[in-house]
Amino acid sequence: MLFPELESLLKVAVMNAMHEVFGSMPEPSAINFQETRKEFDGDLTLVVFPFLNLSKKNPEETARLIGEELIRSVALVSDYNVVKGFLNITLSPIAISGLFSSQVIDTTLGLRPAVDARNIMVEYSSPNTNKPLHLGHVRNNFLGYSVAEILKANGHTVFKVNLVNDRGIHICKSMIAWKKFGNGETPSSSGLKGDHLVGKYYVVFDKEYKKQIAEAIANGKSKDEAEKNAPLMLEAQEMLLQWEAGDEDIKNLWKMMNSWVYDGFALTY
């Protein structure tokens, strides 16, 4: 199914091509496109039989001349082939990308600035400092960057923002686990990138937390009660309260572990 904007542009392009080659134009209603059959190369197919009275040539020659003129004059078309009276058209990547942005393409493929140009913030990749960067973040980066560039091409002012998720109860989980089980381990002493080291202690917290839950359930506590009252979770919650109250020791621990993570992120980026 053709997008209306693309169909209109191609109709104009074909009319202009025929005027250039044959000296006359068909009625727009005579120009019809359909999806190219799978056994042939191309995206769209133009039936040229209705134009023979204007071209005064056979179907193959008519299609070839239209195709050559489209290639020469229209950036929307990157290639063509002729099968009897059918002109199979291959669209250029810029035409495809234009369909999925809000950009307006004129008949010469010039980009016109968006009428409603705005200031727009695009946030990516916004990782969590408890977890190393991974392929999912790469995907997020590609999408965020692409969306930002498409918006810029449409005349918007774009602010790219990377909001690192480095505070809250989940961060305190890594901090309390390192404090209790880390024995002073650092990226230098362990040979681990900083984000991997901090991520390691987030996993340590989870394992120890689950052990405490299992022990509490074995001693007759309900699952909900065991989860809420596990000593490790209570310690993490208390650490968060201390952080929010401005406790210097907790803040310094937070800054130190964050610096490890940021260094690791910088290497990956």
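To be clear, the structure that these remarks concern was listed above.
Per the secondary structure count, the chain includes 11 helices and eight strands. Among the 269 residues that make up the chain, the fraction classed as buried is 38%. For the chain, the proportion of contacts with a sequence separation of at least 24, taken over those separated by at least 6, is 62%. Roughly 15,500 Å² of accessible area belongs to the chain as shown, and the carbon and sulfur atoms make up 55% of that amount.

This brings us to the nonpolar core. Formed by 29 residues in total, the largest nonpolar core has its most connected members in Met175, Phe205, Tyr209, Met239 and Met257. Only helix H6 (169–181), helix H8 (194–218), helix H10 (231–244) and helix H11 (248–268) provide two or more residues apiece to this core. The residues touching Tyr209, leaving out its near neighbours within four places in the chain, are Glu227, Ala230, Leu232 and Met233. Ranked by size, the runner-up nonpolar core spans 25 residues in total, among them Leu46, Val48, Ala63 and Ile66.

Across the interface, H10 lies against H11 with an axial gap of 8 Å and an inter-helix angle of 100°. Looking at the two axes, H10 sits roughly perpendicular to H11. Between H10 and H11, the contacting residues are Met239, Gln242 and Trp243 on the first element and Ile250, Lys251, Leu253 and Trp254 on the second. Taken together, the residues of the contact of H10 with H11 break down into five nonpolar, one polar and one charged.

One ladder, built from four bridges, connects strand E2 (residues 44–47) with strand E4 (residues 86–91); its direction is antiparallel. Bridging from a neighbouring strand, Leu46 pairs with Leu87 of E4. Where strand E3 (residues 77–83) lies against E4, six bridges are found, and the strand directions are antiparallel. Bridge pairing in E4 places Tyr80 opposite Ile89.

Strand pairing in a sheet is mediated by backbone hydrogen bonds. Such pairs are either parallel or antiparallel. Within the open sheet, the four strands sit side by side as E1-E2-E4-E3. Their pairing is antiparallel. Whereas interior strands pair on both sides, the edge strands pair on one side only; in this sheet they are strand E1 (33–35) and E3. Across the sheet, the axes of successive neighbouring strands diverge by a mean angle of 30°, strand direction being ignored. Contacting E3 and E4, helix H3 (residues 59–73) runs over the sheet at an angle of about 175° to E3.

Following the criterion strictly, the structure yields 15 salt bridges and no others. We note a salt bridge from Glu235 to Lys180, for which the minimum N-O separation is 3.5 Å. In this pair, Glu235 sits in helix H10 while Lys180 sits in helix H6, placing the two residues 55 residues apart along the sequence. Via salt bridges that share partners, Glu61, Arg64 and Glu68 belong to a single interconnected network.

Moving on, we get to unusual backbone geometry. Leaving glycine out, the prevailing phi sign among residues is negative, and the prevailing peptide bond configuration is trans. For the bond from Tyr124 to Ser125, the omega torsion is -5°, close enough to zero to count as cis. Looking at the element boundaries, Ser125 is found in the loop between strand E7 (119–123) and helix H5 (135–153). With a phi angle near 50°, Ser126 is a residue other than glycine that sits in the positive phi range. Among the structural elements, Ser126 can be located in the loop between E7 and H5. Even without glycine at this site, Asn183 takes up a positive phi of about 50°.

Conventions and cut-offs
- Residues numbered from 1 in each chain as written.
- Predicted model: local features only at pLDDT ≥ 70, side-chain atom pairs only at ≥ 80, totals over all residues.
- Heavy atoms only, no water.
- Helix = DSSP H or I, 4+ residues; strand = E, 2+ residues; numbered from the N terminus.
- Buried < 20%, exposed > 50% of the residue type's maximum accessible area, 1.4 Å probe, protein only.
- Contact = heavy atoms within 4.5 Å.
- Areas by Shrake-Rupley, 256 points an atom, 1.4 Å probe, with all protein chains shown as cover.
- Core = buried A, V, L, I, M, F, W, Y, C linked by side-chain atoms within 4.5 Å.
- Axes fitted to C-alpha atoms, helices over the stretch in contact; angles between N-to-C directions.
- Parallel < 35°, antiparallel > 145°, perpendicular 65-115°, else oblique.
- Nonpolar A, V, L, I, M, F, W, Y, C, P; charged D, E, K, R; others polar.
- Pairing = 2+ DSSP bridges.
- Salt bridge = Lys/Arg side-chain N within 4 Å of Asp/Glu carboxyl O.

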